[in-house]
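# Structure at a glance
So the chains spell out like this:
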Amino acid sequence: MELWARGLSKVYQNNLEVIKQASLNVRGGEFIMIIGPSGSGKSTLLYLLSGIRRPTSGEVFWNDIPLSELSQKELAHLRYEKFSFIFQQHLLVPYLNVWENVCLARGVGLKKHAEYLLASLGLKGHLYKRPNELSYGERQRVAVARGLIHNPKLLFADEPTASVNPELAQTIARFLAQYCRSGGACVMVTHDVSLLPMATRTFTLKDGVLTESDFIGD
Ligand SMILES: Nc1ncnc2c1ncn2[C@@H]1O[C@H](COP(=O)(O)OP(=O)(O)OP(=O)(O)O)[C@@H](O)[C@H]1O
Ligand SMILES: [Mg+2]
């Protein structure tokens, strides 16, 4: 699998160019991390790469297919089947319990796999709680489990370790690194520089400009 983005720009209604000519390619097995200050456009970039938002100019290709040529239905199908997105705001469904949130829209047949993912992320014993009975960091890990439940080809993760302690952040990142080594791929936004050595490549986003950087081994 391969995702290519070429010359991506995004201008919001207020005429602010939030992403400026960003290019990136992601292949199977890669764990790409992007760091950058708040407001630099990290979430926007993930939305463009994953087809959630359309770029103002530039193109994203999935296995040589331009996303701009897909219908809304085809794009939704691609996002459902092949991609996955862990939102910065988690977006759990309040009236579903933990395992139901993880299996959401994919069927109860995945409950055993959900249990495995949740246990691996330190959430054994939380299966039947609702989001409002969980800490923020626990909710975040439910969102991570939900992101992996269908073994996506490509996972987009928007600050998936933002509200957990350093040891849990390492646990989550190691889990994502393992998923990439076993054939997946991940583009993750983070503020946590201690995680960067786990990445296969790292990028910095500053004022909408994406630059490859070499943090590994620093
Ligand atoms: N829908 C929108 N309409 C107009 N401006 C927006 C919209 N979404 C984001 N922005 C602006 O785009 C810029 C980048 O926002 P974005 O959420 O991508 O940043 P970020 O790097 O993810 O920030 P954070 O680290 O705080 O999550 C900000 O200045 C923000 O105000
Ligand atoms: Mg963000």
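For the structure, see preceding data.
Throughout what follows, the structure given in this document is the object of discussion. Because the structure is predicted, anything quoted here is derived from the model rather than measured.

### Some remarks on the overall build of the protein
Secondary structure summary: the protein contains six helices and ten strands in total. Its C-alpha radius of gyration of 17 Å places the protein within 12% of the 17 Å reference for a compact globule of 218 residues. Buried residues in the protein amount to 51% of all 218 residues. Restricting the contact set of the protein to residue pairs at least 6 apart, pairs at least 24 apart contribute 69%. Carbon and sulfur atoms form 53% of the exposed surface of the protein, whose accessible area is close to 10300 Å². In the protein, 24 side chains carry a positive charge and 20 a negative one; their mean positions are 6 Å apart.

### Observations regarding the coordination of the magnesium ion (ligand 2)
Each protein donor to the magnesium ion (ligand 2) is listed here as S43 (OG) and Q88 (OE1); together their distances run 2.0 to 2.3 Å. Taken as a pair, S43 in helix α1 (residues 42-49) and Q88 in the loop between β6 (83-86) and α3 (98-103) lie far apart in primary sequence, 45 residues in all. Owing to a relative accessible area of 17%, S43 belongs among the buried residues under this scheme.

### Side note on the sheet that holds strand β9 (residues 201-206)
Across the sheet, six strands lie side by side as β6-β7-β8-β3-β9-β10; this open sheet has mixed pairing. Only two strands of the sheet have a single partner each, and these edge strands are β6 and β10 (209-213). Ignoring strand direction, the axes of neighbouring strands in this sheet form an average angle of 20 degrees.

### Considering the site of ligand 1
Near ligand 1 you find 15 residues, and of these S38, G39, K42, T44 and Q88 are the closest. In the environment of ligand 1, an oxygen atom lies 2.6 Å from a nitrogen or oxygen atom belonging to the side chain of T44. In the environment of ligand 1, an oxygen atom lies 3.4 Å from a nitrogen or oxygen atom belonging to the side chain of E159. Of all the elements, α1 adds the most residues to the shell around ligand 1, at three residues. Classifying every residue of the shell around ligand 1 by side-chain character gives three nonpolar, nine polar and three charged.

### Details of the pairing of strand β7 (residues 154-158)
Along β7, five of the five residues are buried, which leaves the element largely enclosed by surrounding structure. Of the two faces of β7, both are covered, the one formed by L154, F156 and D158 as well as the one formed by L155 and A157. Relative to β7, β6 runs parallel, the two being bridged by four bridges. Bridged to S84 within β7 is L155. In this sheet, strand β8 (residues 186-189) lies alongside β7 in parallel orientation, the contact comprising four bridges.

### Section: the pattern of salt bridges
Pairs may arise between side chains of opposite charge once their charged atoms sit close together. Counted according to the given criterion, the structure contains four salt bridges. Here E2 makes a salt bridge to R27, at a shortest N to O gap of 3.0 Å. One end of the pair, E2, is in strand β1 (residues 2-11); the other, R27, is in strand β2 (residues 17-27), with 25 residues separating them in the sequence. By relative accessible area, which is 42% here, R27 ends up partly exposed. With a closest N to O distance of 2.8 Å, R201 and E30 form a salt bridge. Of this pair, R201 sits in strand β9 while E30 sits in the loop between β2 and β3 (31-35), placing them 171 residues apart in sequence. For the pair shown, R201 and E30 are each scored as buried.

### Some points on the packing of aromatic side chains
Taken as a whole and judged by the stated rule, the model has five aromatic pairs. Ring centres 5.1 Å apart and planes at 85 degrees place the aromatic pair W62 and F83 in the edge-to-face group. Of this pair, W62 sits in strand β4 (residues 57-62) while F83 sits in strand β6, and the two are 21 residues apart along the sequence. The same class applies to W62 and to F83, which are both buried. Clustering of aromatic rings is evident, with ring pairs tying together Y47, W62, F83, F85, F87 and F156. The ring of W99 carries K111 above its face, with NZ or CZ at 4.7 Å from the centroid.

The rules behind each value
- Residues numbered from 1 in each chain as written.
- Chains lettered and ligands numbered in written order.
- Predicted model: local features only at pLDDT ≥ 70, side-chain atom pairs only at ≥ 80, totals over all residues.
- Heavy atoms only, no water.
- Helix = DSSP H or I, 4+ residues; strand = E, 2+ residues; numbered from the N terminus.
- Rg over C-alpha atoms; globule rule 2.2 N^0.38 Å.
- Buried < 20%, exposed > 50% of the residue type's maximum accessible area, 1.4 Å probe, protein only.
- Contact = heavy atoms within 4.5 Å.
- Areas by Shrake-Rupley, 256 points an atom, 1.4 Å probe, with all protein chains shown as cover.
- Lys, Arg positive; Asp, Glu negative; His and termini not counted.
- Charge placed at Lys NZ, Arg CZ, Asp CG, Glu CD.
- Donors = N, O, S within 2.8 Å, 3.2 Å for Na, K, Ca; no water.
- Pairing = 2+ DSSP bridges.
- Axes fitted to C-alpha atoms, helices over the stretch in contact; angles between N-to-C directions.
- Near = heavy atom within 4 Å.
- Polar contact = N/O pair within 3.5 Å; in protein donor to acceptor, adjacent residues only side chain to side chain.
- Nonpolar A, V, L, I, M, F, W, Y, C, P; charged D, E, K, R; others polar.
- Salt bridge = Lys/Arg side-chain N within 4 Å of Asp/Glu carboxyl O.
- Phe/Tyr/Trp six-rings, centres within 6.5 Å; stacked < 30°, edge-to-face > 60°.
- Lys NZ or Arg CZ within 6 Å of the ring centre and 35° of its normal.

So, to be careful, I would describe these as geometric facts and stop short of saying anything about function.
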